[in-house]
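Residues per chain, in single letters:
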Amino acid sequence: METNLFPRLAFVPPHFGLPTSVPRCKHNGCHGSIPEACQIRTEQLRPRLIVCHGDLMRVYHTHNETINREFDGALYFHTVPCFTRWLFMQDRGNIVPWCVLLTGWHEARLCTAAIAAAVSGEDGNLRADAKRPVLKEPVGECAAGEMSVAVGKVLILTSSRQQKEAACEWSSRATKITKLPIHIASSDKKTAACLRSLSRSMTIQVMRASF
């Protein structure tokens, strides 16, 4: 199960799951589209961090300050099946990715397999899990190879030289399957630097209507 030991710092921004099309408005009489009478303001939104790692306590205590400063909250999963269930409940399709996945080397291959399944719509290669929900239907229209999911970037933590070498060799193949950039960090200092860089590179501008 998803652990309750860690703080929920923010709710998932609902607009991140909407199609990347014309902004919508619920102003009375607008019929869904933004009218000229509504004022549009631009906001900077940071991504959320998703952590799937075998040693959550260490990740939390080591990087909590960076996570709080750079991300719009975090969700922590003890196991890959829990992460996969969460991922399958998120919108996919013509959406803006709004999460960075932080994972250990032992979890990385199964996590990226789950992402690949969400992208392709084929979950036959995943391990059986009676609690895993059915994938959502794609949001909006997507051309071939343009399916997006909640996770936009992946950071893998390695704890040894052997793990780093194996992760580097494997990541190039995984990137071709998931279509996501995969980064590798082998020390706490590099992890913090990568978290800052990934958060700032995924910060997006969204338009909101105000009346």
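In what follows, the structure referred to is the one given above.
This is a predicted model, so every value here is computed, not measured.

K.L.:
Could you give an account of the overall build of the protein chain, with specific residues and numbers?
P.N.:
Counting secondary structure elements, the protein chain contains five helices and nine strands. Relative to its 211 residues, the protein chain shows a buried fraction of 45%.

K.L.:
Which residues make up the sheet that holds strand β7 (residues 151–157), and what values go with them?
P.N.:
Taken together, five strands build an open sheet; the order of strands is β5-β4-β6-β7-β8 and the sheet is parallel. Looking at which strands have only one partner, the edges of the open sheet turn out to be β5 (74–77) and β8 (182–185). Looking at each pair of strands side by side, their axes are set apart by 20° on average, direction ignored. Note that strand β4 (residues 48–52) and strand β6 (residues 99–104) share five bridges and pair parallel.

K.L.:
Please provide a residue-by-residue account of the pairing of β4, values included.
P.N.:
Counting buried positions along β4 gives five out of five residues, so the element sits mostly inside the fold. Side chains R48, I50 and C52 project from β4 onto one buried face, and the interleaved L49 and V51 project onto a second face that is buried too. Here four bridges tie β4 to β5, and the two strands are oriented parallel to one another. Bridge pairing in β5 places V51 opposite Y76. Crossover handedness for the path β4 to helix α1 (residues 56–70) to β5: right-handed.

K.L.:
Describe the nonpolar core, with residues and values.
P.N.:
One finds F83, W86, L87, L101, I115 and V151 to be the most contacted residues of the largest nonpolar core, which totals 33 residues. Here the element with the most residues in this core is helix α3 (residues 105–120); it accounts for eight residues. Those residues in contact with F83, other than ones at most four positions away along the chain, are I50, C52, F77, L101, C111, A114, I115 and V151. Formed by 17 residues, the second largest nonpolar core is a distinct cluster that contains V59, F71, L195 and M202.

Procedures and definitions
- Residues numbered from 1 in each chain as written.
- Predicted model: local features only at pLDDT ≥ 70, side-chain atom pairs only at ≥ 80, totals over all residues.
- Heavy atoms only, no water.
- Helix = DSSP H or I, 4+ residues; strand = E, 2+ residues; numbered from the N terminus.
- Buried < 20%, exposed > 50% of the residue type's maximum accessible area, 1.4 Å probe, protein only.
- Pairing = 2+ DSSP bridges.
- Axes fitted to C-alpha atoms, helices over the stretch in contact; angles between N-to-C directions.
- Right-handed = clockwise from strand over helix to strand, strands pointing away.
- Core = buried A, V, L, I, M, F, W, Y, C linked by side-chain atoms within 4.5 Å.
- Contact = heavy atoms within 4.5 Å.

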